Amino acid sequence: MAAIETDEDDFEIDAEDLDDSPVTGSVSEQLSLLVNDLHITYRVFGAKKVGHGPAKEQSALQKFLSRGASSQQGVREVHAVRGISFSARHGESIGIIGVNGSGKSTLLRAIAGLIPPAQGSVYVAGDPALLGVNAVLMGDLTGERNIMIGGLALGLTPQQVKDRYQDVVDFAEIGEFVNLPMKSYSSGMGQRLRFAISASAVPDILMIDEALSTGDAGFRAKSKARINEVREAAGTVFLVSHSLATVKSMCERVLWVHQGQLVMDGPAEEVCKHYRRFVVASREAAKAKADAEK
Ligand SMILES: Nc1ncnc2c1ncn2[C@@H]1O[C@H](COP(=O)(O)OP(=O)(O)O)[C@@H](O)[C@H]1O
Ligand SMILES: [Mg+2]
C-alpha cells in the first residue's frame, strides 16, 4: 500500500470534544440521496510527465508551434472517486472519514452537483443547496459582503439574508471583524463564519467539510444544535472531519473512504474503531520501513 499522510489526523479524544448527549433526530424511511457507482475524474492540464528532465526553455515561436501537441501530452487524469455507492435518508447525519487525498471533498462536491460524474449517478431528492459556500466566498471582501454572497449561493433571497444577517454574525462570534476583509480573519474566525453562513439556510442536505476543527467547545455545541435542527427539518447532514471524536459526537453513521473507494459504511463507533486501527497500523508500517532504510 502506498505511503499515507496521516499527520493531520486527530484521533486523540480530548475531554472537551466529548459530548454525552445522544445524536438526536429521527431517520425517515425515505431516501434523500442515492449515489450509484460514482466515478469522478479530474483532468489536470499542463502537468509535466514524471521522469523527464527539467523543462527546456522554449522560444515563444516554439511554444506557439507545439501548443496543440503539448496540451495533448500535458493532460493527466486523477481518478479521485472510483465506484462509490450508498444511499442516505432524511434525518440522517453521516460522517465521512479517510486520510488526506482519499476523495472525501470530491465526493461532497459531486453530491452538491459541482462536478459531473465521469460514470455513475447522483440522485438528490430536494435541493442540495450547497453549501458550495466555500467556493463562492472571497477573501478580499468583508464578512458582511460574504454573508450576502454565501446566502444567495444557498438560494436565499436578499431579504432573507438581511433578516438572518445578525444571527449569522452572532453565531460566528466575529463581532466587528464582520466589517473587515475575510482574509484578515484568523483561521478560526474564517471557519466559524463559513459554518455560520452554510447553516443560515435550512437546506435539504447540509455538507460540512472540515469546518469544525478549530472551533472551541462552545462553538461545537452550537454547531451540533444547528445540525440537529437541519435533521429535525428532515434534512441530511454530511460531516467531513479529521477528529473522530467530533464525527462520533455528531453522526451515528460513518463512511470510510480510501483511495476513492468506500471501505466501510456502518455505525460511527464501529467504523471509527476500524479506521483508527488502520491509521495506527499504517504509521507503524511507515516507521518500520523508514527504520529499515536507515
Ligand atoms: N481540483 C482538482 N484537480 C485535480 N486533482 C484534484 C483536485 N481536487 C482534488 N484532486 C485530487 O483528487 C484526489 C482526492 O482529493 P480530495 O477529494 O480533496 O480528498 P480529501 O478531501 O479526502 O483529502 C487527490 O488525489 C487530489 O490530489
Ligand atoms: Mg478534503
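This is a predicted model, so every value here is computed, not measured.

The rules behind the values
Residues numbered from 1 in each chain as written. Chains lettered and ligands numbered in written order. Predicted model: local features only at pLDDT ≥ 70, side-chain atom pairs only at ≥ 80, totals over all residues. Heavy atoms only, no water. Pairing = 2+ DSSP bridges. Helix = DSSP H or I, 4+ residues; strand = E, 2+ residues; numbered from the N terminus. Axes fitted to C-alpha atoms, helices over the stretch in contact; angles between N-to-C directions. Contact = heavy atoms within 4.5 Å. Near = heavy atom within 4 Å. Polar contact = N/O pair within 3.5 Å; in protein donor to acceptor, adjacent residues only side chain to side chain. Areas by Shrake-Rupley, 256 points an atom, 1.4 Å probe, with all protein chains shown as cover. Nonpolar A, V, L, I, M, F, W, Y, C, P; charged D, E, K, R; others polar. Phe/Tyr/Trp six-rings, centres within 6.5 Å; stacked < 30°, edge-to-face > 60°.

J.: Could you clarify how one ought to interpret the sheet that holds strand E5 (residues 205-209) in this entry?
T.: Hydrogen bonds along the backbone pair up the strands of a sheet, which may run parallel or antiparallel. Pairing is mixed across the open sheet formed by five strands, whose spatial order is E5-E6-E3-E7-E8. With one partner strand each, in any of the chains shown, E5 and strand E8 (261-267) form the two edges of the open sheet. Going from strand to strand, the sheet's axes swing by 20° on average, the running direction of each strand aside. Summarising the sheet, E5 and strand E6 (residues 236-240) pair through five bridges and their orientation is parallel. Residue pairing across strands places Leu-206 opposite Val-237, the latter belonging to E6. Relative to E5, helix H3 (residues 104-111) is tilted by about 155°, and along the sheet it contacts strand E3 (93-97), E5, E6 and strand E7 (253-258).

J.: In this structure, what is going on with the site of ligand 1? I would like to understand it.
T.: Near ligand 1 there are 13 residues, and of these Gly-101, Gly-103, Lys-104, Ser-105 and Thr-106 occur at the shortest range. Contacts to ligand 1 include Gly-103, whose backbone N or O atom sits 3.0 Å from an oxygen atom. In the model, an oxygen atom of ligand 1 is placed 2.8 Å from a nitrogen or oxygen of the Lys-104 side chain. Protein coverage of the free-state accessible area of ligand 1, which is 560 Å², stands at 64%. Within the residue set of the shell around ligand 1, elements represented by two or more residues are strand E1 (31-44), strand E2 (76-89) and H3. A per-element tally of the shell around ligand 1 places H3 first, with four residues. The residue inventory of the shell around ligand 1, partitioned by class, reads five nonpolar, six polar and two charged.

J.: Would you mind showing me how to read the packing of aromatic side chains here?
T.: What describes a pair of aromatic rings is the distance from one ring centre to the other and the angle between the planes of the rings. Applying the stated criterion across every chain yields a total of six aromatic pairs. Relative to Phe-238, the ring of Phe-86 has its centre 6.1 Å away and its plane inclined at 70°; by these criteria the two rings are edge-to-face. With a gap of 152 residues between them, Phe-86 in strand E2 and Phe-238 in strand E6 connect regions that are remote in the sequence. Ring centres of Trp-256 and Phe-278 lie 5.2 Å apart, and the angle between their planes is 55°; this geometry places the pair in the tilted category. Here Phe-278 lies in helix H10 (residues 268-292) and Trp-256 lies in strand E7, a separation of 22 residues in the sequence.

J.: Explanation requested: the sheet that holds E1 in the structure shown.
T.: The antiparallel open sheet is built from three strands, whose spatial order is E2-E1-E4. In this open sheet, the two edge strands, each paired with only one partner strand, are E2 and strand E4 (119-124). Strand-to-strand twist of the sheet, defined as the mean angle between neighbouring strand axes without regard to direction, takes the value 25°. Inspection of the sheet shows E1 paired to E2 by eleven bridges, in the antiparallel sense. Residue pairing in the sheet places Leu-38 in a bridge with Ile-84 of E2. Packed onto the sheet, H3 meets E1, E2 and E4 and runs at close to 115° relative to E1.

The quantities given are spatial measurements derived from coordinates; they are silent on function.
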